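Report on the structure
Chain by chain, the residues run as shown.
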Amino acid sequence: MQSKHYWKLLVLLPVLLNMSCKKFLDVNSSNKVLEETMFKDGEGVRVAVNGVYKLLSDPELYGKNLSYGLVSAMAYNYDINNVPYDSREAARFNWEVSNAQSIMDAIWQRAYRTLANCNNIIQQVIDKDSSFFAESANEKNMILGEMYGVRAMVHFDLLRLFAPAPVTGYGGEAIPYVTQYPDPQPVRGNMATTFTHIIEDLTQSRNLLEKVDTIYLRNVMRSGVGRIRNPGSWVPLPQGDFFNFRAQRMNYFAATGLLARVYMYKGEYGPAFQNAKIVYDAQKRNWFTWTSSSYQGQITDVDFIYPKRPEELVLSFSNTQNYNFFDAQIQSSGIANQAYRIPPAYMNKLFEGDADDFRLVGWYNRYGDQRYITWMRPQGTSYNATNNAKWQGPLLPVMRFTEMYHILIECYARQGNVTDAVTILNSLRLSRGAKTKINDNISPEELMNRLVNDIIRENLTEGQTFFLFKRLNRNIFNGDSDIIMSPEDWYAPLPLSETAYLL
């Protein structure tokens with residue numbers, strides 16, 4: 001009964017925080033009473049932490065806009081004419097149109113609402129004695145490590161959406177980096193300051209979570225059913241499920257991988273390589289494993305395909321309404337059942353010379369509707385279809401270990417080490433069913449083209465390809481012709497409702 005009471009409080013707190021950026025951290029006496037009740041014991045803190053992950057999984061953030069929705073549309077992963085109306089103008093970079101402004105405002109507000117909750121938890125937890133928590137220092141460090149990591153990740157994705165890329169040389173004002181609760185008038189920092197905060201938070205997260213995930217919860221982190229919840233098969237922990245399913249929460253390898261992602265975006269390839277290598281080496285030691293070929297594409301029965309490849313996920317969020325959200329988007333598109341279609345010509349060009357690639361034969365057009373099954377409700381009625389739907393349907397992939405392969409490949413290529421770059425790329429391609437090997441006498445330019453092609457294949461409809469093009473300042477792949485990008489196309493203006501406090 002006590003946990004139900006906390007959930008009622010958790011529902012109320014976000015409502016009070018759901019305001020504009022100028023007001024979203026205003027606190028009155030009623031808020032204080034709620035906070036004191038919520039954080040009076042360890043169970044309340046756990047409920048608050050779980051609430052952060054619920055916010056992250058909402059459609060405004062990783063439940064749609066930052067996964068299969070807006071940012072995938074901006075990458076032209078779909079036929080742009082078949083993108084749902086709510087994000088079509090933003091996907092065309094028509095930032096002055098009202099529905100483009102609305103969707104960016106929704107992302108902004110939900111992100112800062114999430115950050116408010118993160119900062120509140122950090123401030124509530126940081127000064128508490130370890131004895132306050134049922135699992136002592138391990139629990140305290142885990143909670144703080146997760147919240148620092150989430151705080152950095154959300155700010156980083158806001159930076160990638162609302163500011164120019166570092167490759168352009170831009171060093172001016174970026175976004176407010178909020179580290180306090182409340183902060184009624186957050187200051188907009190420049191690019192250098194924002195990156196410093198992101199890297200500091202991720203480093204703090206990684207340091208706090210290292211022993212948690214490699215020693216205290218080592219068996220959980222090394223197990224596929226420990227990292228990702230499988231309703232039909234998981235190992236209960238004496239400490240409870242708050243400590244289980246580590247890849248569905250910020251963890252040591254996710255924080256490390258995010259550091260690699262941030263450094264790559266920033267153009268600092270040395271530290272990007274170092275952090276990516278940590279995750280890569282762990283995968284080579286079987287902390288993470290490749291999805292079996294039988295569950296990728298080496299089988300004719302679509303019911304057997306694992307749409308989310310859960311064994312490979314370093315970080316994923318979860319929303320049990322994913323299929324309902326996706327179905328609603330298709331039905332409300334205004335174009336009968338056309339939303340989120342991927343043109344055959346696009347796929348033929350993307351997979352040219354690799355017709356056996358599992359990312360083509362396993363996931364694309366398996367129901368004859370020119371879509372990727374990653375986000376679709378299974379149409380089969382077999383046990384495999386229903387089990388995979390229950391197990392993998394809610395998952396929202398944020399990072400796979402294959403991203404670390406791509407980072408190492410690019411870093412080796414930039415060093416002029418084509419041999420090692422090609423070796424890793426061929427190993428990745430082989431694990432994805434592409435049997436044609438790339439020769440190590442390939443030119444650096446062609447190697448980069450092949451790498452970009454593989455990153456698109458690996459991240460198709462999962463929200464990362466737009467940021468690839470932006471990081472490289474490279475026109476967007478659109479099949480036969482590229483989308484020519486102007487400098488102002490790459491980032492959205494700050495939402496109109498949020499600019500007053502910056503004046």
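Remember, it's a predicted structure, so these values are computed and weren't measured experimentally. (Residues numbered from 1 in each chain as written. Predicted model: local features only at pLDDT ≥ 70, side-chain atom pairs only at ≥ 80, totals over all residues. Heavy atoms only, no water.)

Let's shift gears to the overall build of the protein. Each helix and strand in the protein was counted, giving 20 helices and 4 strands. Relative to the globule expectation of 23 Å for 503 residues, the C-alpha radius of gyration of the protein, 22 Å, shows essentially globular dimensions. C-alpha atoms of the protein, sized along the principal axes, occupy 65 × 55 × 50 Å. Taken over 503 residues, the protein has a buried fraction of 59%. With an accessible surface of roughly 19200 Å², the protein has 50% of that area assigned to carbon and sulfur atoms. Across the protein, the 51 positively charged side chains and the 51 negatively charged ones have centroids separated by 4 Å. (Helix = DSSP H or I, 4+ residues; strand = E, 2+ residues; numbered from the N terminus. Rg over C-alpha atoms; globule rule 2.2 N^0.38 Å. Buried < 20%, exposed > 50% of the residue type's maximum accessible area, 1.4 Å probe, protein only. Areas by Shrake-Rupley, 256 points an atom, 1.4 Å probe, with all protein chains shown as cover. Lys, Arg positive; Asp, Glu negative; His and termini not counted. Charge placed at Lys NZ, Arg CZ, Asp CG, Glu CD.)

Glancing now at the packing of aromatic side chains. Throughout the structure, instances matching the rule amount to 30 aromatic pairs. Plain terms: the ring middles of Tyr280 and Tyr405 are 4.9 Å apart, the flat faces sit at 65 degrees to each other, and that makes the pair edge-to-face. Linking Tyr280 in helix H12 (residues 269-284) with Tyr405 in helix H17 (residues 402-415), this pair joins segments that are 125 residues apart in sequence. Following the ring pairs from residue to residue traces out a cluster consisting of Tyr76, Phe93, Trp95, Phe466, Phe467 and Trp490. Residue placement shows Lys128 over the ring face of Phe132; its charged tip is 4.4 Å from the ring centre. In this arrangement the basic side chain of Arg309 is found over the ring face of Trp363, its NZ or CZ atom lying 4.5 Å from the centre. (Phe/Tyr/Trp six-rings, centres within 6.5 Å; stacked < 30°, edge-to-face > 60°. Lys NZ or Arg CZ within 6 Å of the ring centre and 35° of its normal.)

Turning to the pattern of salt bridges, a few remarks are in order. Side chains that differ in charge, positive against negative, can pair when their charged atoms come close. According to the stated counting rule, one finds 32 salt bridges in the structure shown. For Arg457, the salt bridge is made with Asp354, and the minimal N-O distance between the two is 3.1 Å. Highlighted residues: Arg457 in helix H19 (residues 444-459) and Asp354 in the loop between helix H14 (344-350) and helix H15 (358-361), separated in sequence by 103 residues. Assessed through its relative accessible area of 3%, Arg457 is described here as buried. By relative accessible area, Asp354 is classed as buried at 1%. With a shortest N-O distance of 2.6 Å, Arg432 and Glu458 are connected by a salt bridge. A residue pair is termed long-range when its members are at least 10 positions apart, and Arg432 in the loop between helix H18 (418-431) and H19 and Glu458 in helix H19 qualify at 26 residues. (Salt bridge = Lys/Arg side-chain N within 4 Å of Asp/Glu carboxyl O.)

The biggest cluster of nonpolar side chains holds 153 residues, and the ones touching the most others in it are Met153, Leu158 and Met250. The dominant element in this core, judged by the number of residues it contributes, is helix H7 (residues 136-162), at 14 residues. Not counting residues within four places of it along the chain, the set of residues in contact with Met153 comprises Leu56, Tyr62, Met250, Leu258, Leu315, Phe317 and Val398. Of all hydrophobic cores here, the second largest spans 6 residues; its members include Ile228, Ala247, Tyr306 and Leu313. (Core = buried A, V, L, I, M, F, W, Y, C linked by side-chain atoms within 4.5 Å. Contact = heavy atoms within 4.5 Å.)

This brings us to the packing of H12 against H17. At a minimum axis separation of 8 Å, H12 and H17 run at an interaxial angle of 135 degrees. Judged by the inter-axis angle, H12 sits oblique to H17. Considering only the axes of H12 and H17, their crossing is left-handed. Only Met404, Tyr405, Ile407, Leu408, Glu410, Cys411, Tyr412, Arg414 and Gln415 of H17 make contact with H12, whose side of the interface consists of Tyr269, Ala272, Phe273, Ala276, Lys277, Val279, Tyr280, Gln283 and Lys284. Looking at the contact of H12 with H17 residue by residue, the classes come out as 12 nonpolar, 2 polar and 4 charged. (Axes fitted to C-alpha atoms, helices over the stretch in contact; angles between N-to-C directions. Parallel < 35°, antiparallel > 145°, perpendicular 65-115°, else oblique. Left-handed = near helix turned anticlockwise from the far one by under 90°. Nonpolar A, V, L, I, M, F, W, Y, C, P; charged D, E, K, R; others polar.)

With an omega dihedral of -5 degrees, the bond running from Tyr181 to Pro182 counts as a cis peptide bond. Structurally, Pro182 is set in the loop between strand S1 (173-176) and strand S2 (188-190). Even without being a glycine, Arg309 presents a positive backbone phi close to 45 degrees. Along the polypeptide, Arg309 turns up in the loop between H12 and strand S3 (313-318).

What follows is about the environment of Met191. With respect to the helices, strands and loops of the structure, Met191 is situated in helix H8 (residues 191-216). For Met191 and Asp79, which are 112 residues apart along the polypeptide, the C-alpha to C-alpha distance reads 33 Å. The contact partners of Met191, leaving out residues within four places of it in the chain, are Leu159, Ala163, Pro164, Pro166, Tyr170, Gly171, Gly172 and Ala174.

Let us look at the side chain of Thr461. In this structure, Thr461 sits in the loop between H19 and helix H20 (465-472). Setting aside residues no more than four positions away along its own chain, Thr461 makes contact with Ser67, Tyr68, Ser72, Asn77, Tyr78, Ile342, Tyr372 and Trp375.

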